[in-house]
Structures are given as C-alpha cells and as structure tokens.
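Structural characterization, general
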Amino acid sequence: MKRFSLLPSGRLALAILFVFAIALTLNFENKAVSGSTAPQAGSLRIIAFGAHPDDCELSVGGTGAMWAAKGHQVKFVSVTNGDIGHWREAGGPLATRRTKEVEEASRILGTTVEVLDNHDGELMPTLENRRAIIRLIRQWKADIVLSPRPNDYHPDHRYTGILVQDAAYMVTVPFICPETPPLRNNPVFMYYTDRFMKPNPSQPDIAVSIDAVMDKKLDALAVMESQFLEGGANGHEGLMPKNAEERAGRVKQVRDNHAARNIGIANRFRTVLKEWYGDEAAAKVKYAEAFEICEYGRRPEKAELKRLFPFFQ
Ligand SMILES: [Zn+2]
C-alpha cells in the first residue's frame, strides 16, 4: 500500500495507460478470434447430430471416417434412444441394443458416439433439449456442427434440425448454460442432404467423395441389424433370414441399398463435385456425401471450407 501511495503522478498515469493498453489488446484479440477466422491449429473437432441411432452413420459415416483417419475428432450424437425403432421389440431393451449397434459402428468408423436418453418418436424442441444440445456442442469445442434440415418426414428429424438451429448462435452467448463455457468461435453449422423439396430443396455447398471408405461405411451400417437387416420400425417377419444362405442374400441386399443411396448423391450433385474436384476427377466419383451451410452459424469462404474438409488436393 505504501509503495503505491508514494508513486509519482507521472508513473501512476503510465501504469494506468499500461493497464488500458493490455485491456485493449485482449479485447482486440477476442474480436479477431470470434470473427470469421479459420479453426484453431491442430485437429478439427466435428459433432454430428441425428435423431436416431443410425442417422449420423447414414448421412456422414463416410466423411466421418475420413476425418477420423486424418486424426480429427468426430462425435456422432443420437438425440433419441431409438426405443420404438423396430416392428417386433421396443423400450429399454431395444434402446440398449441400438446403443450397442452404434458403438460397434463407431469402432469401425473411428468416431465417438453418444445416445441421449429421449424417447424415440416423442422428441420436442423444448428449452431443456436446446440446453442439452448447446452444452454438447460447447463441450466438444466444435469447429463443425452437422444436423438434418428442419424439413423432413419424421418429426424427430425435424426437431433435431430445429434444436441444432436454435443452438447455432446460442453456443457463443455466455449467460445461457453459464456452467458450460461458451465457444469463442461460432462453429460452421451444416445440414445433411435429403430429397425433400418443400419449402426448398437441399442445395449442398460441398460434396465429398467417399469412394475410399465406402466399404468401411457399409461395414458400419451392416452392424445395425435391428434397422437394416431386420427392417427397423417398418420391417416384418418375412425379412428375417431362415438360414445362412438367406442371410448372406439379405446382407448383400442391404449393402446394395445403402451403396445406391450414396451413388444417387454423387449423381445428383455431380456439379458440386466438379467445383471441388475438377471435371475429370469428379466424373469418376462413385459414392458421395453432401452438406449445405446453415445460414445461422459462421459463414465460411471456400478457402476455410477446404481447411474444414481436408480431402481436396
Ligand atoms: Zn432417423
């Protein structure tokens, strides 16, 4: 105390100026970081949301495996536990079965997975659920957040899209969910592609060739027998193989159906593939996944998208 009271006024003014200078610098850095800058150096952090235990794997399983193979951190979140997603079984045992399926798929893809304990078919865009999504995005320190669009045949898909949209700005606001530190960088939010046309069709900004990992994606989807081999909620007894030969046939049929879906995306968005790969390479792409930038998160330029999707030469 004595030392401060003895400071000459000139030195005191200098000390005050110094403190102001530091404060200004910190504030400037804050702004620089929270603007539309590139993600932090090092590995990328991607969090993908789906309504059910299989949605993320279907929509971004290939690209997820490609990020993971390059050492990036990828998390798939199922916002419901999938407990009505079968024609013959339901409830806790089905939720447990489906959680095990996505955990096994995750091991194959090299990703991380979490299944939230919300009932399948009953998801609502509540404040409680919005907070849960905000916390998950913050805890993962996400650079990229993926979700379905809010236009979809399934209410759980729609509300997953709404919940993630509703988090798209709030993840940066400090006094909502204040116990989980806010993100200084608003992530890039992106939608999976889909075939719904109203009120507007999917218009991907980026299409990724997953040719190199298609087998891995098909292997990951194959372990979700409750959904694909057995047909999920709309399946029936007639799908169940009665012997090894029938089973082999059914497994092949499921793989072919999944492959056709990603062939369809490559064909439908060949123009987008050309923008990213050039005409010659794009023409050869067989399987693709595609993603559209959501207007409510950070809006990256093409150069930043290339850093976020480090799969292009
Ligand atoms: Zn679903």
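We now turn to the structure provided with this report. Predicted, not measured: the structure shown is a model, and the values here were computed from it.

Once that is clear, we can look at the packing of aromatic side chains. Enumeration over the complete set of coordinates arrives at six aromatic pairs. Ring plane angle 35° and centroid distance 5.0 Å describe the contact between W276 and F312, whose orientation is recorded as tilted. Note that W276 is positioned in helix 9 (residues 270-277) and F312 in the segment after helix 11 (302-308), a separation of 36 residues in sequence. The class of F312 is buried, set by a relative accessible area of 14%. Put simply, the rings of W67, F291, F309 and F311 touch in pairs and so form one group of aromatic residues. Over the ring of W140 we find R45; its NZ or CZ atom is 4.5 Å from the centre of that ring. Its guanidinium or amino end placed over the ring of W276, K302 lies 4.6 Å from that ring's centre, counting from NZ or CZ.

With distances of 2.1 to 2.3 Å, the protein atoms coordinating the zinc ion are H52 (ND1), D55 (OD), D55 (OD) and H157 (NE2). Taken in sequence order, the residues that donate to the zinc ion follow the motif H-x2-D-x101-H. Judged by relative accessible area, which is 7%, H52 ranks as buried.

Our next topic: the pairing of strand 2 (residues 73-78). Taking burial as the measure, the six residues of strand 2 include five buried ones, the bulk of the element. Across six bridges, the pairing between strand 1 (residues 45-50) and strand 2 is parallel. If you follow R45 over to strand 2, its bridge partner there is Q73. For strand 2 and strand 3 (residues 112-115), the ladder comprises four bridges, and the chain directions are parallel. Paired with K75 across the two strands is T112, which belongs to strand 3.

Moving on, we come to the side chain of S59. Positionally, S59 belongs in helix 3 (residues 55-69). A residue is classified by how much of its surface remains accessible, and S59, at 19% relative accessible area, is buried. Not counting the four nearest positions on each side in its chain, S59 is found in contact with Y192, E289 and F291.

Take the pattern of salt bridges next. Counted under the stated rule, the structure contains 18 salt bridges. E289 is the partner of K217 in a salt bridge, and the nearest nitrogen-oxygen pair spans 2.6 Å. In this pair, K217 sits in helix 7 (residues 214-222) while E289 sits in strand 7 (residues 288-293), placing the two residues 72 residues apart along the sequence. Of the two residues, K217 and E289, neither departs from the other in class, the shared state being buried. With a shortest N-O distance of 2.3 Å, E304 and R298 are connected by a salt bridge. For the pair shown, E304 and R298 are each scored as buried. Sharing partners across several salt bridges, the network here consists of R88, E89, R97, E101 and E230.

With that settled, consider the nonpolar core. If you look at the biggest cluster of nonpolar residues, it comprises 50 residues, and the most contacted ones within it are V60, W67, L146, M190, F291 and F309. The biggest single contributor to this core is helix 3, with six residues. Contact partners of L146, with chain neighbours within four places excluded, come to I46, I47, A48, F49, V60, W67, M190, Y192 and F291. One finds W140, I176, Y191 and C294 within the second-largest nonpolar core, a separate group that totals 24 residues.

Strand 7 sits mainly inside the fold: six of its six residues count as buried. Covered by surrounding structure in strand 7 are A288, A290 and E292 together with E289, F291 and I293, the residues of both alternating faces. Sheet analysis places strand 5 (residues 188-192) next to strand 7, joined by three bridges and oriented antiparallel. Counterpart to M190 in the pairing with strand 7 is I293.

With respect to topology, seven strands assemble into an open sheet ordered 3-2-1-4-5-7-6, the strand pairing being mixed. Strand pairing shows two members of the sheet lacking a second neighbour, strand 3 and strand 6 (206-209), which therefore form its edges. Sheet twist, expressed as the mean angle between neighbouring strand axes with direction ignored, is 25°. Relative to strand 5, strand 4 (residues 144-147) is paired through four bridges, and the arrangement is parallel. Bridge pairing links L146 to M190 in strand 5. Packing against the sheet, helix 6 (residues 155-170) makes contact with strand 1, strand 4 and strand 5, and its axis sits at approximately 165° to strand 5. Running at roughly 80° to strand 6, helix 9 makes contact with strand 6 and strand 7 of the sheet.

Definitions and limits used
Residues numbered from 1 in each chain as written. Predicted model: local features only at pLDDT ≥ 70, side-chain atom pairs only at ≥ 80, totals over all residues. Heavy atoms only, no water. Phe/Tyr/Trp six-rings, centres within 6.5 Å; stacked < 30°, edge-to-face > 60°. Helix = DSSP H or I, 4+ residues; strand = E, 2+ residues; numbered from the N terminus. Buried < 20%, exposed > 50% of the residue type's maximum accessible area, 1.4 Å probe, protein only. Lys NZ or Arg CZ within 6 Å of the ring centre and 35° of its normal. Donors = N, O, S within 2.8 Å, 3.2 Å for Na, K, Ca; no water. Pairing = 2+ DSSP bridges. Contact = heavy atoms within 4.5 Å. Salt bridge = Lys/Arg side-chain N within 4 Å of Asp/Glu carboxyl O. Core = buried A, V, L, I, M, F, W, Y, C linked by side-chain atoms within 4.5 Å. Axes fitted to C-alpha atoms, helices over the stretch in contact; angles between N-to-C directions.

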